[in-house]
Amino acid sequence: MSGKVNISIIGDDQDVTKNVAQFVQSQVEENLSGAKVEISNLPDKGFADRKTSGKFTMSQWYWLADFADPINYLGILTSGNAMNPGHYSDKTYDTLVEKAKSASTQTAYWRNLRAAENRLQDQTGIIPLYYVKESHLVNSKLTGVAYHVAGFADYTRASIK
């Protein structure tokens, strides 16, 4: 490819999002001759409007799982899903996700989810940049904390004994 390429990256106005966008911008511009990356970090409402309307080349967004199952991530990327901000659309992918949702056995469920994930990666429907992870030091006298399978801790009933 020759010539110039203009890319727009949109994201929210959080510091981490700004830092990631600047890193992506520097890497693209350093490694792809003729590429120019424009960053737009917007307040939540403006960001949501731009995502919904599809007025971007690349969009940064995150998804926190509601429950510990890959369908929580894979399901949102189906065509027409309101939570699919990149507007990724692939009939084969959609079919695999639907087959997983309606599978009558765990084997079929996981086979279809793996195939959907492979299809998504082959199509580059999404590019994961990083995963958020937290570590907590916990006093052995702390009780009543509920550790959810999706990865967060609920301290609302916690106490020190």
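Per-chain numbering applies: the sequence of each chain, read as written, is numbered from 1 onward. For a predicted model such as this one, the threshold for reporting local features is a pLDDT of at least 70, and the threshold for listing and counting side-chain atom pairs is 80 or more; totals across whole chains, interfaces and linings nevertheless cover every residue. Side-chain numbers here rest on the full set of heavy atoms in the structure, without hydrogens or water.

> What is the right way to look at the nonpolar core in this model?
Where a protein is soluble and globular, its nonpolar side chains tend to be buried together. Joining through side-chain atoms within 4.5 Å is the link that ties buried Ala, Val, Leu, Ile, Met, Phe, Trp, Tyr and Cys residues into a set, and such a set is a nonpolar core. Relative accessibility under 20% of the residue-type maximum defines a buried residue, over 50% an exposed one, and the middle range a partly exposed one, all with a 1.4 Å probe and only protein chains included. One finds Leu 77, Tyr 93, Leu 113 and Leu 120 to be the most contacted residues of the largest nonpolar core, which totals 13 residues. A run of H or I in DSSP becomes a helix once it reaches four residues, and a run of E becomes a strand once it reaches two; helices and strands are each numbered from the N terminus. Where this core is concerned, the elements lending two or more residues are helix H3 (71–74), helix H4 (91–101) and helix H5 (106–123). Note on contacts: a residue pair is in contact if any heavy atoms of the two residues lie within 4.5 Å. Residues in contact with Leu 113, not counting those within four places in the same chain, are Asp 69, Pro 70, Ile 71, Leu 74 and Ala 100.

> Looking at this structure, how should I read the pattern of salt bridges?
When their charged atoms lie close together, side chains carrying opposite charge are able to pair. By definition, a salt bridge exists where a carboxyl oxygen of Asp or Glu is found within 4 Å of a side-chain nitrogen of Lys or Arg. Under the defined criterion, the tally for this structure stands at 5 salt bridges. For Arg 119, the salt bridge is made with Asp 90, and the minimal N-O distance between the two is 2.8 Å. In this pair, Arg 119 is assigned in helix H5 and Asp 90 in the loop between H3 and H4, connecting sequence segments 29 residues apart. Note on Arg 119: relative accessible area 25%, which makes it partly exposed. Among the residues examined, Asp 90 registers a relative accessible area of 10% and is labelled buried. With a closest N to O distance of 3.8 Å, Lys 101 and Glu 98 form a salt bridge. In this pair, Lys 101 and Glu 98 both sit in helix H4, 3 residues apart, roughly one turn of the helix.

> Just checking my understanding: could you explain the sheet that holds strand S3 (residues 58–59) for this structure?
By way of backbone hydrogen bonds, the strands of a sheet pair with one another, either parallel or antiparallel. Only strands that DSSP links by at least two bridges are regarded as paired with each other. With respect to topology, 3 strands assemble into an open sheet ordered S2-S1-S3, the strand pairing being parallel. Here the strands that pair on one side only, and so sit at the sheet edges, are strand S2 (35–42) and S3. In the sheet, strand S1 (residues 5–12) pairs with S3 via 2 bridges, with the strands oriented parallel. The residue bridging Ile 9 from the neighbouring strand is Met 58, located in S3.

The quantities given are spatial measurements derived from coordinates; they are silent on function.
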